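Coordinate inspection notes
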Amino acid sequence: MKLIFMGTPDLAAACLSGLLDGGYTVTAAVTQADRPRGRGYALTPPPVKELAMARGIPVWQPTDLRAPEFLAQIREAAPDAIVVVAYGRILPPALLDCPRLGCINLHASLLPRYRGAAPIQRAIMNGETETGLTTMHMAEGLDTGDMILSERLAIRPEDNFGTLHDRMAVCGGPLLCRTLAMLATGTAPRLVQDEAKASYAAKIRKEDCALDFRRSASELDCHIRGLSPAPLAFCHRPDGRMLKILRAEPTEGSGKPGEVLALSDRREGSITVACGTGALRIREVVPEGKGRMRAADYVRGRQIREKEVLY
RNA sequence: CGCGGGGUAGAGCAGUCCGGUUAGCUCGUCGGGCUCAUAACCCGGAGGUCGUGAGGUUCAAAUCCCACCCCCGCAA
């Protein structure tokens, strides 16, 4: 079975790797253009490109998926199917119609819930205890295609975006391989999504990362875990400097929302902050201009005092 | 040349602007004490080429000047 793979970030790269390990032939990897990233705006290739190049797979980075030249290139390659994982752009109908067996997509949620850009983060942020992966026959809408297979994954209390993402990365490849096997034999089901149960996981914007201490400690805990280790939830010190929170846990306590109730610089030290309900025991932070450090170390530097109010 | 912060003991920091006796603090660590016990408390100790430069200025440089290396945050 001849495939073309389309994807961009780490999760996509892990899936591509899984397909190759599963014995599938990938004719080309289509991914987004290199973007200026990091300090000094260094042009950085997306994860899928790096992996593809390392595995000797041709990399295509079209700027326009509707461009006749690109479509011609796809037709010439004549893939049996196109596998898409977090490519980052809507595929035009002309492209969806190219492959003999169609385009299949792997999405990081149990559809029809959490369609869209940030399913993993949003599920955790909303306090879900379960999510998963779903493969589907791609349709024109955003993650609306008929479903083929899915795999459930528990969201554990200690999970954050990073740990859940990594677990999904491990499951993605095998799930795609099973899906393709069914597609090849014409036994892939077409489970229509229940539109009434659909929900969307919007892209994470900067504002979405701000912590609102008026919310409950458990909600804030979920919020923090869904955004860790990147892009990270943040709040501000009284002087206006940003303080990102990498890890925290709900605990007892009450006070004005945002008020620092207690500080500890011993061993598993922490910064206890009052929330709307309960309090949050902050364990690990990233101060503005600094790298990540344990809360105990932050406290030791005498950078924070009890009674001050974070916002 | 996108913006900015920083490199001082194992960790997090102060000291640098206004150069000057033994480079300081919190924690850790080692030893001892107290205690039924302890991550608590008390006493004592070890541990630092102050990023690099047989560089510059100076009577004197962690502190001023120059060059270089490295780390990090933002933004994208």
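Residues numbered from 1 in each chain as written. Chains lettered and ligands numbered in written order. Predicted model: local features only at pLDDT ≥ 70, side-chain atom pairs only at ≥ 80, totals over all residues. Heavy atoms only, no water.

1. What about the pattern of salt bridges?
Enumeration over the complete set of coordinates arrives at 22 salt bridges. In this structure, the salt-bridge partner of aspartate 208 is arginine 122, at a minimum N-O distance of 3.1 Å. Note that aspartate 208 is positioned in the loop between α6 (161–184) and α7 (217–226) and arginine 122 in helix α5 (residues 119–125), a separation of 86 residues in sequence. Of the two residues, aspartate 208 and arginine 122, neither departs from the other in class, the shared state being buried. Notably, a salt bridge pairs arginine 190 with aspartate 146, separated by 3.2 Å at the nearest N-O pair. One end of the pair, arginine 190, is in the loop between α6 and α7; the other, aspartate 146, is in strand β9 (residues 146–154), and 44 residues separate them in sequence. Classification of arginine 190 as exposed rests on a relative accessible area of 53%. Each of Arg122, Arg205, Glu207 and Asp208 takes part in a single network of salt bridges with overlapping partners. (Salt bridge = Lys/Arg side-chain N within 4 Å of Asp/Glu carboxyl O. Helix = DSSP H or I, 4+ residues; strand = E, 2+ residues; numbered from the N terminus. Buried < 20%, exposed > 50% of the residue type's maximum accessible area, 1.4 Å probe, protein only.)

2. Here's the deal with a nonpolar patch on the surface
On the surface, Ile90, Leu142 and Tyr200 cluster together into a nonpolar patch covering about 310 Å² of accessible area. For isoleucine 90, the position within the fold is in the loop between β6 (81–85) and α4 (93–96). (Patch = residues over 30% accessible without salt bridge, like charges linked within 9 Å, V, L, I, M, F, W, Y side chains within 5 Å. Areas by Shrake-Rupley, 256 points an atom, 1.4 Å probe, with all protein chains shown as cover.)

3. A look at the pairing of strand β14 (residues 279–287)
With respect to burial, β14 is a largely interior element, eight of its nine residues being buried. The pairing of strand β11 (residues 242–251) with β14 spans eight bridges and is antiparallel. Within β14, the residue paired with arginine 247 across the bridge is glutamate 284. The hairpin formed by strand β13 (residues 270–274) and β14 contains four residues between the paired strands, and glycine 278 there has a positive phi angle of roughly 75°. Note that β14 and strand β15 (residues 293–294) share two bridges and pair antiparallel. Residue glutamate 284 lies in a different strand from β15, and its bridge partner there is arginine 294. (Pairing = 2+ DSSP bridges.)

4. Some remarks on the pairing of β13
Counting buried positions over the five residues of β13 gives five, a clear majority of the element. Taking every second residue as pointing to the same face, both faces of β13 are buried, with Ser270, Thr272 and Ala274 on one and Ile271 and Val273 on the other. Bridge analysis of strand β12 (residues 260–264) against β13 gives four bridges, and the strand direction is antiparallel. In the sheet register, valine 260 faces β13, and the bridge partner there is valine 273. With four bridges joining them, β13 and β14 adopt antiparallel strand pairing. Looking at the pairing, alanine 274 lines up with alanine 279 of β14.

5. Looking at the packing of helix α1 (residues 10–21) against α6
Direction vectors running N to C along α1 and α6 enclose 45°, while the axes themselves pass 8 Å from each other. As summarised for this structure, α1 and α6 are arranged oblique, according to the angle between their axes. When you trace α1 past α6, the crossing you get is right-handed. Counting all contacts with α1, which are made through Asp10, Leu11, Ala14, Cys15, Gly18 and Leu19, the residues of α6 involved are His165, Met168, Ala169, Gly172, Gly173, Leu176, Cys177 and Leu180. Residues that form the contact of α1 with α6 fall into these classes: nine nonpolar, four polar and one charged. (Axes fitted to C-alpha atoms, helices over the stretch in contact; angles between N-to-C directions. Parallel < 35°, antiparallel > 145°, perpendicular 65-115°, else oblique. Left-handed = near helix turned anticlockwise from the far one by under 90°. Contact = heavy atoms within 4.5 Å. Nonpolar A, V, L, I, M, F, W, Y, C, P; charged D, E, K, R; others polar.)

Everything listed is a geometric property; what it means functionally is a separate question.
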